[in-house]
Amino acid sequence: GNSVTQMEGPVTLSEEAFLTINCTYTATGYPSLFWYVQYPGEGLQLLLKATKADDKGSNKGFEATYRKETTSFHLEKGSVQVSDSAVYFCALKVSYRRALTFGSGTRLQVQP
Amino acid sequence: DVKVTQSSRYLVKRTGEKVFLECVQDMDHENMFWYRQDPGLGLRLIYFSYDVKMKEKGDIPEGYSVSREKKERFSLILESASTNQTSMYLCASSPPGQGTTGELFFGEGSRLTVL
């Protein structure tokens, strides 16, 4: 079946540090890949996405590149801020299924 | 702006009670979904609907049912609540025919506690 594996958290960083959150996937076919973010007390919102191999999604200083050879979609940001503290979910969608499959989420805590 | 509204942010119910969680979207989306979110398990799909009165089971449908009488409204029903259904419930919607992107739009969530 389809699945998404994320690194366990929490990830604790100091402000302006470099961020990487690892995400790998297993899927039949060629999925679209997503990163969603959930700020405290809120629902999930789309952060970025990529629909085919070697695509790079980017938004708000975050980036992730769709790597088919390593089945990965790692999230990166060059300099995190306290306001980036949230839970980050990696997800995939295959064309034959309407719903997204989500990873377990990674909590990021950024300290001033 | 896209809007998915869940009627209750916080609910406390007793074991055995019937519970209704309501979700309304204003985007004319065909697809609507109910997920539950638990620490360490991420989001798991309970049910989804791709049209009025049409529904399909997700990965963890046991103990739940759904209703979609109007396009904009999708209800999750716990026929007899149990303590293991204490969780955060997230509603989402998406339009059809987005090719392979399939972006979901989420509500703010309903945190249910069953005592």
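So, here is what we can say about the structure in this document. Just so we're clear, the structure is a prediction, and the values are computed from it rather than from any experiment.

Each regular strand shows side chains that alternate between the opposite faces of the sheet. Residue and element names in this part refer to chain A. In this structure, strand 7 (residues 56–59) lies alongside strand 8 (residues 62–65), joined through 4 bridges in antiparallel fashion. Looking at strand 8, one finds that Lys-56 is bridged to Thr-65. Between strand 7 and strand 8, which follow one another and run antiparallel, lie 2 residues, and Lys-60 among them has a positive phi close to 55 degrees. Two elements, strand 8 and strand 9 (residues 75–77), share 3 bridges in a ladder whose sense is antiparallel. Its bridge partner being in strand 9, Glu-63 is matched across the sheet by Glu-76.

For the rest of this paragraph, the subject is the sheet that holds strand 3 (residues 19–21) of chain A. Residue and element names in this part refer to chain A. Strand order across the open sheet formed by 4 strands is 3-9-8-7, with antiparallel pairing between neighbours. Either end of the sheet is taken by a strand with one partner, and the two such strands are strand 3 and strand 7. Between one strand and the next, the sheet's axes are offset by a mean angle of 20 degrees, whatever the strand orientation.

Time to look at the sheet that holds strand 7 (residues 65–70) of chain B. Within a beta sheet, neighbouring strands are joined by backbone hydrogen bonds and run either parallel or antiparallel to one another. All names here are of chain B. With antiparallel pairing, the 4 strands of this open sheet are ordered in space as 1-3-8-7. A single partner strand is all that each edge strand has here, and the edge strands are strand 1 (4–6) and strand 7. Between one strand axis and the next, the sheet turns by 20 degrees as a mean value, whatever way the strands run. Bridge analysis of strand 1 against strand 3 (residues 19–25) gives 3 bridges, and the strand direction is antiparallel. Its bridge partner being in strand 3, Gln-6 is matched across the sheet by Cys-23.

Turning to the interface of chain B and chain A, a few remarks are in order. In many reports, interface size means the accessible area that the parts give up when they come together. Facing the 22 residues of chain B at the interface are 21 residues of chain A. Across the chain B/chain A interface, buried area totals approximately 1800 Å², and carbon plus sulfur atoms make up 55% of it. Applying the counting rule to chain B against chain A returns 2 salt bridges. In this structure, Arg-97 of chain A engages Asp-59 of chain B in a salt bridge whose closest nitrogen and oxygen atoms are separated by 3.2 Å. Linking chain B to chain A there are 6 residue pairs in polar contact (both at pLDDT 80 or more). Elements that contribute at least two residues to the side of chain B that touches chain A include exactly strand 4 (31–38) and strand 5 (42–51) of chain B. For the side of chain B that touches chain A, the element with the highest residue contribution is strand 5 of chain B, accounting for 5 residues. Classifying every residue of the side of chain B that touches chain A by side-chain character gives 10 nonpolar, 8 polar and 4 charged.

Attention shifts here to the nonpolar core. In terms of nonpolar packing, the biggest core is built from 27 residues, with Leu-19, Trp-35, Leu-47, Leu-48, Phe-73, Leu-75 and Tyr-88 of chain A touching the most fellow members. Broken down by secondary-structure element, the contributors of at least two residues to this core are strand 2 (11–14), strand 3, strand 4 (23–26), strand 5 (32–38), strand 6 (44–50), strand 8, strand 10 (86–93) and strand 12 (106–111) of chain A. For this core, the element with the most residues is strand 10 of chain A, which contributes 4 residues. Core analysis: the second largest hydrophobic core is formed by 21 residues, Val-4, Ile-46, Val-66 and Leu-112 of chain B among them.

Cut-off values and rules
Residues numbered from 1 in each chain as written. Chains lettered and ligands numbered in written order. Predicted model: local features only at pLDDT ≥ 70, side-chain atom pairs only at ≥ 80, totals over all residues. Heavy atoms only, no water. Pairing = 2+ DSSP bridges. Helix = DSSP H or I, 4+ residues; strand = E, 2+ residues; numbered from the N terminus. Axes fitted to C-alpha atoms, helices over the stretch in contact; angles between N-to-C directions. Contact = heavy atoms within 4.5 Å. Buried area = accessible area lost by both parts, 1.4 Å probe. Salt bridge = Lys/Arg side-chain N within 4 Å of Asp/Glu carboxyl O. Polar contact = N/O pair within 3.5 Å; in protein donor to acceptor, adjacent residues only side chain to side chain. Nonpolar A, V, L, I, M, F, W, Y, C, P; charged D, E, K, R; others polar. Core = buried A, V, L, I, M, F, W, Y, C linked by side-chain atoms within 4.5 Å. Buried < 20%, exposed > 50% of the residue type's maximum accessible area, 1.4 Å probe, protein only.

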